[in-house]
Amino acid sequence: QLQLSADGTRGTHQATLDLQGGLLDLSLAAAGNLQGGDWRGRLVRASVEASGQRWALQRPVAINRLASGRLDMAAHCFVSGPATLCAPEQRLMPDTQLRYRLRVFPLDSLAAYLPDTLGWQGELNADLKVDLPQAGPTGEISVDAGAGTLRFREGDVWHDFPYQALVLNSRL
């Protein structure tokens, strides 16, 4: 089910979008104003829920789209239980520059995406840096699962495979 509502004038307006589906529930609310070709607004509310994961915008975030085509988003964080997904101020267009930091993500919350014979205990931290200039993309990703345990079930017996470090670093 999709529900979209909007109200206001060219000068001041707000909109909400709610999507409830089998795989995903999404809820967004934004407000802003248009002056001289520049749109300045805020993402007031954002939440997404899928397979037991529920992420919500911690506080409203400014979004500006200038008549020149530049699109910027202020620093923001999404939270889900103890986990955070945060970004500093970033440029979305042109020459996109994305930076995100995932912290204290509980790996056992991925259970819905794993076979029922596999379990993963621990915490995940990750950093993403992607630039998309005209010259071509560059980027880095760093994923650190720290110490944890992979679990495999054989019949009724679980086998634990503890590890001290699980780190992935990659460059584009």
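Reading the values: the criteria
- Residues numbered from 1 in each chain as written.
- Predicted model: local features only at pLDDT ≥ 70, side-chain atom pairs only at ≥ 80, totals over all residues.
- Heavy atoms only, no water.
- Helix = DSSP H or I, 4+ residues; strand = E, 2+ residues; numbered from the N terminus.
- Contact = heavy atoms within 4.5 Å.
- Areas by Shrake-Rupley, 256 points an atom, 1.4 Å probe, with all protein chains shown as cover.
- Pairing = 2+ DSSP bridges.
- Axes fitted to C-alpha atoms, helices over the stretch in contact; angles between N-to-C directions.
- 1 Å grid on protein atoms, 1.4 Å probe; cavity = no way out; pocket = protein on both sides within 12 Å on 5 of 7 lines; lining within 4 Å.
- Points joined across faces, edges and corners; volume = space filled by probe spheres on them.
- Nonpolar A, V, L, I, M, F, W, Y, C, P; charged D, E, K, R; others polar.
- Buried < 20%, exposed > 50% of the residue type's maximum accessible area, 1.4 Å probe, protein only.
- Core = buried A, V, L, I, M, F, W, Y, C linked by side-chain atoms within 4.5 Å.
- Patch = residues over 30% accessible without salt bridge, like charges linked within 9 Å, V, L, I, M, F, W, Y side chains within 5 Å.
- Salt bridge = Lys/Arg side-chain N within 4 Å of Asp/Glu carboxyl O.
- Polar contact = N/O pair within 3.5 Å; in protein donor to acceptor, adjacent residues only side chain to side chain.

## Regarding the overall build of the protein chain
Phase 1 of the analysis: Scanning the protein chain from N- to C-terminus turns up zero helices and 17 strands.
Phase 2 of the analysis: Oriented by its inertia axes, the alpha-carbon framework of the protein chain measures out at about 65 × 40 × 25 Å.
Phase 3 of the analysis: Counting contacts in the protein chain only where the partners sit at least 6 residues apart, residues at least 24 apart contribute 31% of the total.
Phase 4 of the analysis: Carbon and sulfur atoms form 57% of the exposed surface of the protein chain, whose accessible area is close to 10,900 Å².

## Brief notes about the side chain of Ser47
Phase 1 of the analysis: Relative to the elements of secondary structure, Ser47 occurs in strand S4 (residues 38–50).
Phase 2 of the analysis: Here Ser47 is in contact with Asp25, Leu26, Ser27, Arg54, Trp55 and Ala56, once residues within four sequence places are set aside.

## What to know about the sheet that holds strand S16 (residues 157–163)
Phase 1 of the analysis: Pairing in this open sheet of three strands is antiparallel, and the strands run S12-S15-S16 from one edge to the other. The strands lining the two open edges of the sheet, one partner per strand, are strand S12 (118–121) and S16. On average, adjacent strands in this sheet sit at an angle of 20° to one another, irrespective of strand direction.

## Comments concerning the layout of surface pockets
Gaps between atoms show up when a probe of the same size as a water molecule is rolled over them.
Phase 1 of the analysis: What the largest pocket holds in volume is close to 190 Å³.
Phase 2 of the analysis: What lines the largest pocket is simply Leu26, Leu28, Leu43, Ala46, Ser47, Val48, Trp55, Phe78 and Leu85.
Phase 3 of the analysis: Listing elements by their share of the lining of the largest pocket, those giving two or more residues are strand S3 (25–35) and S4.
Phase 4 of the analysis: No other element matches S4, which puts four residues into the lining of the largest pocket.
Phase 5 of the analysis: Partitioned by chemical class, the residues of the lining of the largest pocket number eight nonpolar, one polar and no charged.

## As for the pairing of strand S8 (residues 76–80)
Phase 1 of the analysis: The buried fraction of S8 is high, at four of five residues.
Phase 2 of the analysis: By the bridge criterion, five bridges tie S8 to strand S9 (residues 83–87) in an arrangement that is antiparallel. In the strand pairing of S9, Phe78 is matched with Leu85.
Phase 3 of the analysis: With antiparallel pairing between neighbouring strands as the criterion, S8 and S9 make up a hairpin whose turn holds two residues, including Gly81 at a positive phi of roughly 60°.

## Considerations on the nonpolar core
Phase 1 of the analysis: Among the nonpolar cores identified, the biggest contains 17 residues, and Leu43, Trp55, Leu57, Leu102, Phe105 and Leu124 are the most heavily contacted of them.
Phase 2 of the analysis: At the level of secondary structure, the elements contributing two or more residues to this core comprise S4, strand S5 (53–57), strand S6 (61–65), strand S7 (71–73), strand S11 (96–106) and strand S13 (123–132).
Phase 3 of the analysis: Leaving out residues up to four positions away in the same chain, Leu57 has contacts with Leu43, Val44, Ala46, His76, Cys77 and Phe78.

## Some remarks on a nonpolar patch on the surface
Phase 1 of the analysis: Residues Leu118, Leu150, Phe152 and Phe161 make up a contiguous nonpolar surface patch of about 350 Å² in total accessible area.
Phase 2 of the analysis: Mapped onto the secondary structure, Phe152 falls in strand S15 (residues 148–154).
Phase 3 of the analysis: Phe152 sits in the partly exposed class, given a relative accessible area of 39%.

## Looking at the environment of Thr96
Phase 1 of the analysis: Here Thr96 shows up in strand S11.
Phase 2 of the analysis: Judged by its relative accessible area of 16%, Thr96 is buried.
Phase 3 of the analysis: Note: C-alpha distance between Thr96 and Asp72 (24 residues apart in sequence) is 9.4 Å.
Phase 4 of the analysis: The contact partners of Thr96, leaving out residues within four places of it in the chain, are Arg91, Val130, Asp131 and Leu132.
Phase 5 of the analysis: Only 2.5 Å separates the side chain of Thr96 from the backbone oxygen of Leu92, close enough to count as a polar contact.

## Considering the pairing of S3
Phase 1 of the analysis: As defined by bridge partners, strand S2 (residues 13–20) adjoins S3 across eight bridges and the pair is classed as antiparallel. Note that in S3 the partner of Gln14 across the bridge is Ala31.
Phase 2 of the analysis: Of the pairings in the sheet, the one linking S3 to S4 comprises eleven bridges and is antiparallel in character. Within S4, the position partnered with Ala29 by the bridge is Arg45.

Purely geometric stuff here, so don't read any function into it on its own.
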